[in-house]
Amino acid sequence: MSQALVAKMGALSTTCSAGSQKSSYLSGGRSVSAPKRLVTSNAPTALGGRGRGRTPLHIVAARVAGVEIPNSKKLETSLTYIYGIGPTMSKKIMANTSIENKRVKDLSEEELTALRKEVEEGDYLIEGDLRRFTAMNIKRLIEIQCYRGKRHQMSLPVRGQKTKTNARTRKGKKKTVAGKKK
């Protein structure tokens, strides 16, 4: 009985492997062969050995002061992506470097270098320094226990806004408290 079953299984596996491109692993061989369509790639491999038809790399953003500013936008708008530089400050930086307001991808290497030098070595409080400065100011207010410091400590609005109904940004998600019955 078992010999008949083994013969049936052998015949079944030979008929399956003959008609399809499945791996030869099932028939007892240990190597796995991939289907022909995966082995022969129709993509050109003459792209510097990259294979699979990848497109060449494109620069998406320029790096200024440790921040990637977008390439497709105008310089005046792109500079505002840096924390601490707004529209007015970006106009001032462009005037100091005498760079016209064109798209960042159209800037030459010399213009980008001049821009980086002006932003990083200029007398501007940006990015990490500005964040540290504001954090130190808040820490000082908390330390001297003034009204504003206490409001910061309790996560409540600091500048005199009402808190009965609004102030959800500072207070966070509503916490329901059991009230009195009328």
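Here, every reference points to the structure presented above.
Let me begin by describing the structure that accompanies this report.

Rules and cut-offs
- Residues numbered from 1 in each chain as written.
- Predicted model: local features only at pLDDT ≥ 70, side-chain atom pairs only at ≥ 80, totals over all residues.
- Heavy atoms only, no water.
- Helix = DSSP H or I, 4+ residues; strand = E, 2+ residues; numbered from the N terminus.
- Contact = heavy atoms within 4.5 Å.
- Areas by Shrake-Rupley, 256 points an atom, 1.4 Å probe, with all protein chains shown as cover.
- Core = buried A, V, L, I, M, F, W, Y, C linked by side-chain atoms within 4.5 Å.
- Buried < 20%, exposed > 50% of the residue type's maximum accessible area, 1.4 Å probe, protein only.
- Polar contact = N/O pair within 3.5 Å; in protein donor to acceptor, adjacent residues only side chain to side chain.
- Expected span 1.5 Å × (residues − 1).
- Arc of directions from axis to C-beta.
- Phe/Tyr/Trp six-rings, centres within 6.5 Å; stacked < 30°, edge-to-face > 60°.
- Lys NZ or Arg CZ within 6 Å of the ring centre and 35° of its normal.
- Axes fitted to C-alpha atoms, helices over the stretch in contact; angles between N-to-C directions.
- Parallel < 35°, antiparallel > 145°, perpendicular 65-115°, else oblique.
- Left-handed = near helix turned anticlockwise from the far one by under 90°.
- Nonpolar A, V, L, I, M, F, W, Y, C, P; charged D, E, K, R; others polar.
- Salt bridge = Lys/Arg side-chain N within 4 Å of Asp/Glu carboxyl O.

**So, the overall build of the chain**
At step 1: Along the chain, the regular secondary structure elements total eight helices and two strands.
At step 2: Pairs at least 24 apart in sequence give 39% of the contacts found in the chain among residues at least 6 apart.
At step 3: Here the chain has roughly 14800 Å² of accessible surface; of this, 55% comes from carbon and sulfur atoms.

**A look at the nonpolar core**
At step 1: In this structure, Leu 75, Leu 79, Ile 82 and Val 119 are the most contacted members of the largest nonpolar core, which totals 19 residues.
At step 2: Of all the elements in the fold, those that place two or more residues in this core are strand S1 (61-64), strand S2 (67-70), helix H4 (87-97) and helix H5 (109-121).
At step 3: Looking at this core, the element that brings in the most residues is H5, giving three residues.

**Observations concerning the side chain of Thr 97**
At step 1: Examined against the element boundaries, Thr 97 turns out to sit in helix H4.
At step 2: In this structure the side chain of Thr 97 is engaged in a polar contact, spanning 3.0 Å, whose partner is the backbone oxygen of Ile 93.
At step 3: Among the polar contacts listed, one links the side chain of Thr 97 to the backbone oxygen of Met 94, at a separation of 3.3 Å.
At step 4: With residues up to four places along the chain from it excluded, the contact list for Thr 97 reads Ala 114, Leu 115 and Glu 118.

**Notes on H5**
At step 1: For H5, with 13 residues, the first-to-last C-alpha span of 18 Å sits near the 18 Å given by 1.5 Å per residue.
At step 2: Of all the residues in H5, the buried ones are Leu 112, Leu 115, Glu 118 and Val 119. All buried residues of H5 lie within an arc of 130° about the axis, which places them on one face of the element. Summarising the geometry of H5, the exposed residues directed more than 90 degrees from the buried face are Glu 109, Glu 110, Lys 117 and Glu 121.

**Here's the deal with the packing of aromatic side chains**
At step 1: Counted under the stated rule, the structure contains zero aromatic pairs.
At step 2: One residue, Arg 131, lies across the ring of Tyr 83, its end atom 4.0 Å from the ring centre.

**Some words on the packing of H4 against H5**
At step 1: Two elements in contact, H4 and H5, have axes whose closest approach is 10 Å; the angle formed by their N-to-C orientations is 125°. The orientation of H4 relative to H5 falls into the category oblique. Here H4 and H5 pass one another in a crossing that is right-handed. In this structure, H4 contributes Ile 93, Asn 96 and Thr 97 to the contact, and H5 contributes Ala 114, Leu 115, Glu 118 and Val 119.
At step 2: For the contact of H4 with H5, the residue count by class is four nonpolar, two polar and one charged.

**What about the pattern of salt bridges?**
At step 1: If you walk through the whole model with that rule in mind, you get five salt bridges.
At step 2: When the shortest N-O distance is used, the salt bridge between Arg 131 and Glu 127 registers 3.7 Å. Here Glu 127 and Arg 131 lie together in helix H6 (residues 127-143), a separation of four residues that amounts to about one turn.
At step 3: A relative accessible area of 18% means that Glu 127 is categorised as buried.
At step 4: One salt bridge connects Arg 132 with Asp 129, and the closest N-O pair in it is separated by 3.0 Å. Taken together, the residues span about one helical turn, with Arg 132 and Asp 129 both in helix H6 at a distance of three residues.

**What about unusual backbone geometry?**
At step 1: A positive phi angle is found at Ala 65, which is not glycine, with a value near 55°.
At step 2: Within the fold, Ala 65 resides in the loop between S1 and S2.
At step 3: On the basis of relative accessibility, which here comes to 19%, the residue Ala 65 falls in the buried class.
At step 4: One non-glycine residue, Ser 155, lies in the positive phi region at around 55°.
At step 5: By the secondary structure assignment, Ser 155 is in the loop between helix H7 (147-153) and helix H8 (168-171).

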